[in-house]
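# Breakdown of the fold
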Amino acid sequence: MSSTAPLILADGITKRFGANQVLTRVSLDVSERDVVCVVGPSGSGKTTLLRCLALLEEPSEGRVVMQGVPISTPAPNKQVKAAGRAVRSDIGMVFQHFNLWPHMSVLQNLIEAPIRVKKMPRDEAVAIAEALLKKVDLSDKRDAYPARLSGGQQQRVAIARALAMSPKVLLFDEATSALDPELRREVLAVMRQLAREGMTMLVVTHEMGFARHVGTRTVFMDRGEIVEAAPGAAFFDAPQTERAKRFLQQFEDE
Amino acid sequence: MGNKRDLSMFKYQFRWDTVWGSFDFLMGGLQMTLVISAITLVLAMLGGLIIALLDMSRFRVLRWIGISIGEVVRNTPILVQLLWVYYVLPIVFGVRIEALVALIIGLALYQASFISEVYRSGIQSVPKGHREAAQVLGLTPFQSFNRIVLPQAIRMTLPPLASNFVQLIKFSSLGAVISVSEITRRGMELSATNFRPLETFTFIAVVYFFICWPLAMAIRFWERRLQAR
Ligand SMILES: Nc1ncnc2c1ncn2[C@@H]1O[C@H](COP(=O)(O)OP(=O)(O)OP(=O)(O)O)[C@@H](O)[C@H]1O
Ligand SMILES: [Mg+2]
């Protein structure tokens, strides 16, 4: 477990659903404090890649490695499964559709996992949750139920819920694309704040502005492959491939 | 001819007093009806759980048993099932079952096969994303089921379970056929002595209606509120 090993690594991941090959030998490493943005057309496999890294899908080939330790492989053995379980809450995920638990208040959503998984005393979990709610500017919604919140507020709660487990890396799957433009901004502001604080993030997004200005690296996926990867704004200023150029053209008027 | 019948209808002398005279007798039957329905509902909820667990079992034999029970029960008339439980089970097991017990067993089995579907759809009504959020946060599958799926599923199953209770109130009238002394049976007995089937059965229909109708309305309201969440 050398200190230079990436925090999380997709190591040659191929994923098939039946005969449909969705990912083809995708390799991607994310180091501490990286903000890697994944862009690409619809159906290119971005969500599937994220789900493999979040251990929601098993790769058909290849592996997921966290700080040098394999945590997911095809037909994992006991050791890999145990390693996966051990780092489970080190990998947080924010979903496109928030997935808050509607029968629980905002506070309950936030303290559930720390109490059940980390066996944290309730008082401590509540204190952490309140601090996180303050951070995402939702202290006044502490006792509200998710259905009472706007989409932007729900997504900020979902981010706070993920942070409550103090993950080492946070995966975002189009966290803003289910939201109206005005509401996107408040969520993007929280994400930018996290990036500034040094949170390691892997962000699937259609927000080219975020990728350009906040991302440390941009990865362009198309048809299940990583076509191009470039640091920061370089991808946008000088795309190397035809496919990437064509993809970026759609956003020119933005 | 039609004229004559209309006339006789017109001249019909209602004798509601024959019903009022036996009011307590009939209300005792109503009490019986409600008690039968309540006991049966509780048993059917347990039975439904067993069938649902069988249906979802990892073992093919158990799944097969669960599915077969459901199919047989749903595709034969409930009256035949009751008669079968009452007359056939004693022959098979050599014990005489009381009509009341037979009625409860038969109804519970019938409702259980529907309630197992209620449970299943309640569980399926919880979006997959809710479980995935739990999984990513590190909750075990058991914790996820217990804390995330079950509370939401129960909320969805309560109105259909209440509807089952209404159905049971109506279906329990079938007990009359095997002489269970619920309200319909008592009505039959009463009309055989007062020779006033019109008043007797009208009264009984009205009683059923004013119990089932408000319940059904309340359930509809309740369901709409759940959907709005
Ligand atoms: N569970 C699944 N079973 C079968 N096919 C799937 C499954 N999940 C995804 N796919 C397929 O994999 C392909 C890639 O899907 P994916 O959701 O990863 O793309 P995406 O890049 O996230 O697209 P979008 O930008 O629309 O979200 C699609 O063709 C999709 O139909
Ligand atoms: Mg997607």
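Residues numbered from 1 in each chain as written. Chains lettered and ligands numbered in written order. Predicted model: local features only at pLDDT ≥ 70, side-chain atom pairs only at ≥ 80, totals over all residues. Heavy atoms only, no water.

## Observations concerning the UniProt feature "domain: ABC transporter" (unreviewed entry) in chain A
When the UniProt feature table is mapped onto this chain, "domain: ABC transporter" (unreviewed entry) is found at residues 8-248 of chain A. As a span, residues 8-248 of chain A carries 37% helix and 26% strand, and end to end its C-alpha atoms are 28 Å apart. (UniProt positions renumbered as here; feature names shortened; annotations may be inferred. Helix = DSSP H or I, 4+ residues; strand = E, 2+ residues; numbered from the N terminus.)

## Comments concerning the site of ligand 1
All names here are of chain A. Around ligand 1, the structure places F17, V22, P41, S42, G43, S44, G45, K46, T47, T48, E174 and H206. Taking G43, its main chain carries an N or O atom lying 2.8 Å from an oxygen atom of ligand 1. A distance of 3.0 Å separates an oxygen atom of ligand 1 from a polar backbone atom of G45. When ligand 1 is considered free in solution it has 630 Å² of accessible area, and contact with the protein chains removes 60% of it. The residue inventory of the shell around ligand 1, partitioned by class, reads three nonpolar, seven polar and two charged. (Near = heavy atom within 4 Å. Polar contact = N/O pair within 3.5 Å; in protein donor to acceptor, adjacent residues only side chain to side chain. Areas by Shrake-Rupley, 256 points an atom, 1.4 Å probe, with all protein chains shown as cover. Nonpolar A, V, L, I, M, F, W, Y, C, P; charged D, E, K, R; others polar.)

## Brief notes about the interface of chain B and chain A
Chain B puts 18 residues into the contact, and the matching count from chain A is 25 residues. Roughly 1800 Å² is buried in total at the junction of chain B and chain A, and carbon and sulfur atoms are behind 62% of that figure. Of all residues in chain B, the largest losses of buried area upon contact with chain A belong to V136, L137 and R147 of chain B, amounting jointly to 36% of the total for that side. Two residues, E132 of chain B and R51 of chain A, come together in a salt bridge whose shortest N-O distance is 2.8 Å. Applying the counting rule to chain B against chain A returns seven residue pairs in polar contact (both at pLDDT 80 or more). Of all the secondary-structure elements, those providing two or more residues to the side of chain B that touches chain A are α7 (128-137) and α8 (141-171) of chain B. Residues belonging to the side of chain B that touches chain A are distributed by class as follows: seven nonpolar, six polar and five charged. (Contact = heavy atoms within 4.5 Å. Buried area = accessible area lost by both parts, 1.4 Å probe. Salt bridge = Lys/Arg side-chain N within 4 Å of Asp/Glu carboxyl O.)

## A closer look at the nonpolar core
Note on soluble globular proteins: their nonpolar side chains tend to be buried together. Core analysis: the largest hydrophobic core is formed by 52 residues, its most contacted members being I159, L170, F172, M191, M201 and F210 of chain A. Among all residues touching M201 of chain A, those that are not within four sequence positions of it are V30, D34, V35, V36, L170, F172, M191, L194, A195 and F210 of chain A. Membership of the second largest hydrophobic core comes to 42 residues, among which are A54 and V169 of chain A together with V136 and I148 of chain B. (Core = buried A, V, L, I, M, F, W, Y, C linked by side-chain atoms within 4.5 Å. Buried < 20%, exposed > 50% of the residue type's maximum accessible area, 1.4 Å probe, protein only.)

## Notes on the sheet that holds strand β10 (residues 225-231) of chain A
All names here are of chain A. Spatial strand order, β6-β7-β8-β3-β9-β10: six strands in an open sheet with mixed pairing. Strands with a single pairing partner mark the edges of an open sheet, and in this sheet they are β6 (91-94) and β10. Sheet twist, expressed as the mean angle between neighbouring strand axes with direction ignored, is 15 degrees. Summarising the sheet, strand β7 (residues 169-173) and strand β8 (residues 200-204) pair through five bridges and their orientation is parallel. Within β8, the residue paired with F172 across the bridge is V203. In this fold helix α5 (residues 151-163) packs onto β6 and β7, with an angle of close to 175 degrees to the strand it touches most, β6. This element, helix α6 (residues 181-196), spans β3 (35-39), β7 and β8 of the sheet and lies at about 145 degrees to β8. (Pairing = 2+ DSSP bridges. Axes fitted to C-alpha atoms, helices over the stretch in contact; angles between N-to-C directions.)

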